[in-house]
Structure formats: C-alpha cells, structure tokens
Amino acid sequence: MNIDGKQVAADLRKTLAVKVELLKKEQGIVPGLTVVLVGEDPASQIYVRNKVKQTREVGMISNEIKLPVETTQTQLLEELAHLNDDKSVHGILVQLPLPKHIDESVIIAAIEPTKDVDGFHAMNSGRLLNGESGALVPCTPQGCIILAKTHLGDDLSGKHAVVIGRSNIVGKPVALLLLQENCTVTITHSRTKNLAGICQQADILVAAVGRPEFVKAEWIKPGATVIDVGINRIEDETGKAKLVGDVDYKNVQSVCGAITPVPGGVGPMTIACLLKNTIEAAQRCN
Ligand code: NAD
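Residues numbered from 1 in each chain as written. Predicted model: local features only at pLDDT ≥ 70, side-chain atom pairs only at ≥ 80, totals over all residues. Heavy atoms only, no water.

**Here we look at the packing of helix α6 (residues 139-152) against helix α7 (residues 171-180)**
Item 1. Here α6 crosses α7 at 40°, and the two axes come no closer than 8 Å. Regarding the angle of α6 to α7, the classification is oblique. Where α6 crosses over α7, the two elements pack in a sense that is right-handed. Contacts between α6 and α7 involve Pro141, Gln142, Cys144 and Ile145 from the former and Pro173, Val174, Leu177 and Leu178 from the latter.
Item 2. Class assignment for the residues of the contact of α6 with α7 results in 7 nonpolar, 1 polar and no charged. (Axes fitted to C-alpha atoms, helices over the stretch in contact; angles between N-to-C directions. Helix = DSSP H or I, 4+ residues; strand = E, 2+ residues; numbered from the N terminus. Parallel < 35°, antiparallel > 145°, perpendicular 65-115°, else oblique. Left-handed = near helix turned anticlockwise from the far one by under 90°. Contact = heavy atoms within 4.5 Å. Nonpolar A, V, L, I, M, F, W, Y, C, P; charged D, E, K, R; others polar.)

Structure representation (structure tokens):
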C-alpha cells in the first residue's frame, strides 16, 4: 500500500489555512515566512519557488530575499540581524546549501531560535533532545512521523523503528521523534555492521541515506511501514532523468505493509511542515 504524501500534505495545508484565518481574526496576526536564498543553485530555486507559492496559498505572508553568490558571510549575518528584529517576520529559513565561502553552522547559529522554522539551531535541537516543549522541529522528520501515523495510527509505542542515516537534518531528529513516540529506536549509518539483518527487525524503517534504491526487498520485515526520505536523480533505461528514493520501491512494495513513494511521499510533507512551524512561531510570538 502506498502512503500518499501529496494528499496528506494537502490535508495538512487545509488545516493550516483555517489556523491562519483564526490567527488573523482573533489576534490580528498574519504569519510571515522569509526565505533567504544565496546564489543561483537551480534545485534551490525550485524549492524556494514552491515554498513561496504554498506559503501564500494558506494565507500567510511570504517574502523572498535573493542575494548574489558573492555575498559575504558578514553581509548575510547583517541581513539575518534585520530579519531577527523584524516583528512581521515569524519564520526565517536560509536555503541550504550555502556557497562554500559561507560557514553554514555560523549562519544557523545566528538565526533567532524562535524564528528558526527549519529547526536546525542548537537551541531547537537541544530542546528536541531533552523532550522539551516549544522546540521548532525539523520539517522532513516531522513529515515522516505524520506519514507513519497515517498508516499505523497515533500510537507507535513499542514498535521497533530502524533509521538508516544519522544526519542532523533527517536521521538524528527523526530518531528522536520516534523515541518520543515510545518506539524502540536503532540508528544505523555507513559504519553499521549487518545493516540488512538490523533492517529485517524493523516495524518502521526510515531510509535517509542518499543512495538510489539502496534498501532491498530482502531487508524488509513482511508488513513493515517504510518511509523513504531519499531523493536521488538517476537516468532511466532510455537516458531520461528520473527521481528515485533510497528504497528499491518496485520490489519492496510487495513485502512491506505500506511505503511512501518517491516522488509524492515525504517530499510534499516537508514544505507543509515548514508552514506548520511558521504558524507555531507566530502563535508563540504573542
Ligand atoms: P546525508 O548525506 O547528510 O546523510 C546520509 C546518511 O546516510 C549518513 O548519516 C550516512 O552515515 C548514511 N549512509 C551513507 N552510506 C551508507 C551505507 N552504505 N549504509 C548505511 N548508511 C549509510 O544526507 P541527508 O541530508 O540526511 O539526506 C538523505 C537523503 O534524504 C538524501 O537523498 C536527500 O536528498 C534526502 N532528503 C529529502 C528531503 C525531503 O524533503 N524529502 C529532505 C532532506 C533530505
């Protein structure tokens, strides 16, 4: 069975549009998201365009700041200082990757944590680690949990969740969220031994590896819920470019209980959760 991320994201955006309307009516607040894009990376430009479009569609204010590739770290920090002070801006997102001469960790640390809607600031990741309320949680991991619950229901407790990947953007935060849901969590990575054997124990398998069709059907426990975070561009037999996930979808589909397709699974959830975070940030700014 497919878990339809497009549909789940569309449903979430509908709920968010109602929340935005209420915030406007009851508190006079219009949630505002500003996306900062440095340089002209084509993939980043597409992401930013989609973010702007969907932000406006739910009734929020969307601003985009495009800076040339030669922008210095100091100039970007100055820009962020203005945005941190601007009361009409509730969410700030600096599109990654940044040009090589800019240190991403310095930039992330400079975003006011209450406006850090990507959830990458140490204050937010620390809160997530401590299980404190009030953290802005990274968007893709949030989307993974929502999708798993779409199939399994709200109670994930006691399930064995295996996460492949330990990045700060996906692997680690998704593992922490699964732990918060009372799953028994195993984090695996490039140095893990017997990866296939560990995956075979998973009731929930989250693949965030960045390797096309890496997870094979033999690794899947029959009936497992598979969340495929990977987005990999490959060429099909005719040489045409296509997107595939980290899971060998065609073969895994017949073994697992449910799977998120690529495209149309986790991808659409990321922006929907970004809007959700911005609305939460706006609610808390009062
Ligand atoms: P990353 O490169 O930062 O991390 C990849 C992880 O995979 C690492 O922790 C590494 O240890 C692990 N890994 C690599 N080779 C392995 C192996 N042979 N066996 C086991 N583990 C191995 O990547 P990331 O930023 O976490 O992204 C992962 C994937 O998710 C990418 O395809 C990326 O494009 C995609 N992604 C999708 C979204 C979305 O919105 N759907 C968002 C973020 C990332």
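There's more to say after this.
**With respect to the environment of Val244**
Item 1. Mapped onto the secondary structure, Val244 falls in strand β9 (residues 241-244).
Item 2. When its relative accessible area of 6% is taken as the criterion, Val244 is described as buried.
Item 3. Contact partners of Val244, with chain neighbours within four places excluded, come to Pro212, Glu213, Gly230, Ile231, Asn232, Ile234 and Val262. (Buried < 20%, exposed > 50% of the residue type's maximum accessible area, 1.4 Å probe, protein only.)

**Digging into the packing of aromatic side chains**
The way to describe two aromatic rings as a pair is by their centre distance and the angle between their planes.
Item 1. Taken as a whole, this structure holds 1 aromatic pair when the rule is applied.
Item 2. Measuring from centroid to centroid gives 5.4 Å for Phe214 and Trp219, while their planes differ by 85°, and the two rings are edge-to-face.
Item 3. Residue classification places Phe214 among the partly exposed positions, given a relative accessible area of 24%.
Item 4. A relative accessible area of 14% means that Trp219 is categorised as buried. (Phe/Tyr/Trp six-rings, centres within 6.5 Å; stacked < 30°, edge-to-face > 60°.)

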